[in-house]
Amino acid sequence: MNDAKGSIWRKWDLHVHTPYSVLNNDFGENFDKYVEILFKEAIKKDIAVIGLTDYFTIEGYKKIKNEYLNNESKLREIFSPEEIRKINKILVLPNIEFRLYDLVDGRRINFHVILSNELSLQDIEEHFLHELDFVNETQPFDRDNTRKLKISNLDDLGEKLKQEHGFPGSARFVGMSKATVDHKAISEKLNDT
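No experiment lies behind these values; they were computed from the predicted model shown.

### Notes on the nonpolar core
Nonpolar side chains tend toward joint burial in soluble globular proteins. Counting 43 residues, the largest nonpolar core has Phe39, Ile50, Phe56, Phe98, Phe128 and Leu149 as its most contacted members. Broken down by element, the residue count for this core peaks at six residues, all from helix H1 (residues 31–44).

### A short note on the packing of H1 against helix H2 (residues 59–69)
Axis separation between H1 and H2 bottoms out at 12 Å; the angle between their running directions is 85 degrees. Considering their axes alone, H1 and H2 lie roughly perpendicular with respect to each other. Of the residues in H2, those touching H1 at Phe31, Asp32, Tyr34, Val35 and Phe39 are Gly60, Lys63, Ile64, Tyr68 and Leu69.

### Some words on the side chain of Asn145
Mapped onto the elements of the fold, Asn145 is located in the loop between strand E5 (133–136) and strand E6 (147–148). Assessed through its relative accessible area of 18%, Asn145 is described here as buried. Contacts of Asn145, omitting those with residues within four sequence positions, involve Phe134, Val135, Gln139 and Pro140.

### A look at the side chain of Lys189
Looking at the secondary structure, you find Lys189 in helix H8 (residues 183–192). Take Lys189: its relative accessible area is 14%, and that puts it in the buried class. Non-local contacts of Lys189, meaning those with residues more than four positions away in its chain, are made with His127, Phe128, Glu131 and Leu132.

### With respect to the packing of aromatic side chains
Inspection of the entire model under this criterion finds six aromatic pairs. Note on Tyr101 and Phe141: the rings are 5.5 Å apart at their centroids and 85 degrees apart in plane angle, and the pair reads as edge-to-face. Pair noted here: Tyr101 is in strand E3 (residues 91–104) and Phe141 is in the loop between E5 and E6, with a separation of 40 residues, a long-range link. When its relative accessible area of 30% is taken as the criterion, Tyr101 is described as partly exposed. For Phe141, a relative accessible area of 28% translates into the label partly exposed. Aromatic ring contacts, followed pair by pair, group Tyr20, Phe31 and Tyr34 into a single cluster. The positively charged end of Lys63 is found above the aromatic ring belonging to Phe31, 5.1 Å away from the centroid. A cation over a ring is seen here: Arg108 above Tyr101, with NZ or CZ 5.9 Å from the ring centre.

### Considerations on the pairing of E5
Pairing geometry for E5 and E6, over two bridges, is antiparallel. Across the sheet, Asp133 pairs through a bridge with Lys148, a residue of E6. Note that E5 and strand E7 (residues 179–181) share three bridges and pair antiparallel. The residue bridging Asn136 from the neighbouring strand is Ala179, located in E7.

Reading guide: rules and limits
Residues numbered from 1 in each chain as written. Predicted model: local features only at pLDDT ≥ 70, side-chain atom pairs only at ≥ 80, totals over all residues. Heavy atoms only, no water. Core = buried A, V, L, I, M, F, W, Y, C linked by side-chain atoms within 4.5 Å. Buried < 20%, exposed > 50% of the residue type's maximum accessible area, 1.4 Å probe, protein only. Helix = DSSP H or I, 4+ residues; strand = E, 2+ residues; numbered from the N terminus. Axes fitted to C-alpha atoms, helices over the stretch in contact; angles between N-to-C directions. Parallel < 35°, antiparallel > 145°, perpendicular 65-115°, else oblique. Contact = heavy atoms within 4.5 Å. Phe/Tyr/Trp six-rings, centres within 6.5 Å; stacked < 30°, edge-to-face > 60°. Lys NZ or Arg CZ within 6 Å of the ring centre and 35° of its normal. Pairing = 2+ DSSP bridges.

Written out as structure tokens, the structure is:
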């Protein structure tokens, strides 16, 4: 359909990490403060679409969607009615950042999957994330070394590596920093759904 106005340019920011981005958390644990800064900046900069990004999970997106965007009373604690009206016009999408098994010039490649906000959280987790496998980056990607991509399995890997090698940081941080996923498996799973 033709629009008499012609092209409409909108600003998108599809790579905004949440406090649950264990490998890239510059925000601490105060979600109210994070949400306040996130949306006030988005309003100020006239951002139309935000991709909430976490490594290997949708935990931050899930929290913001359930506890803020779908909770008008919580938004009223932080924002004015005019700000809430503007926030409700911003499209918020889940962006999952994967560390790939592949290397380029000795460095891991990151692979982003941005999904529709119309997908249920349960479908994203159960029919996409939990059906992917990951390995410790030092192991070959074969059946004996793979684990299902679940937070509990990332924590288990991290705890094991902390005990074996004394890595600093939380078990989740260590697990996520050493976990890798096969890009072909991600693409195949996306094509199946």
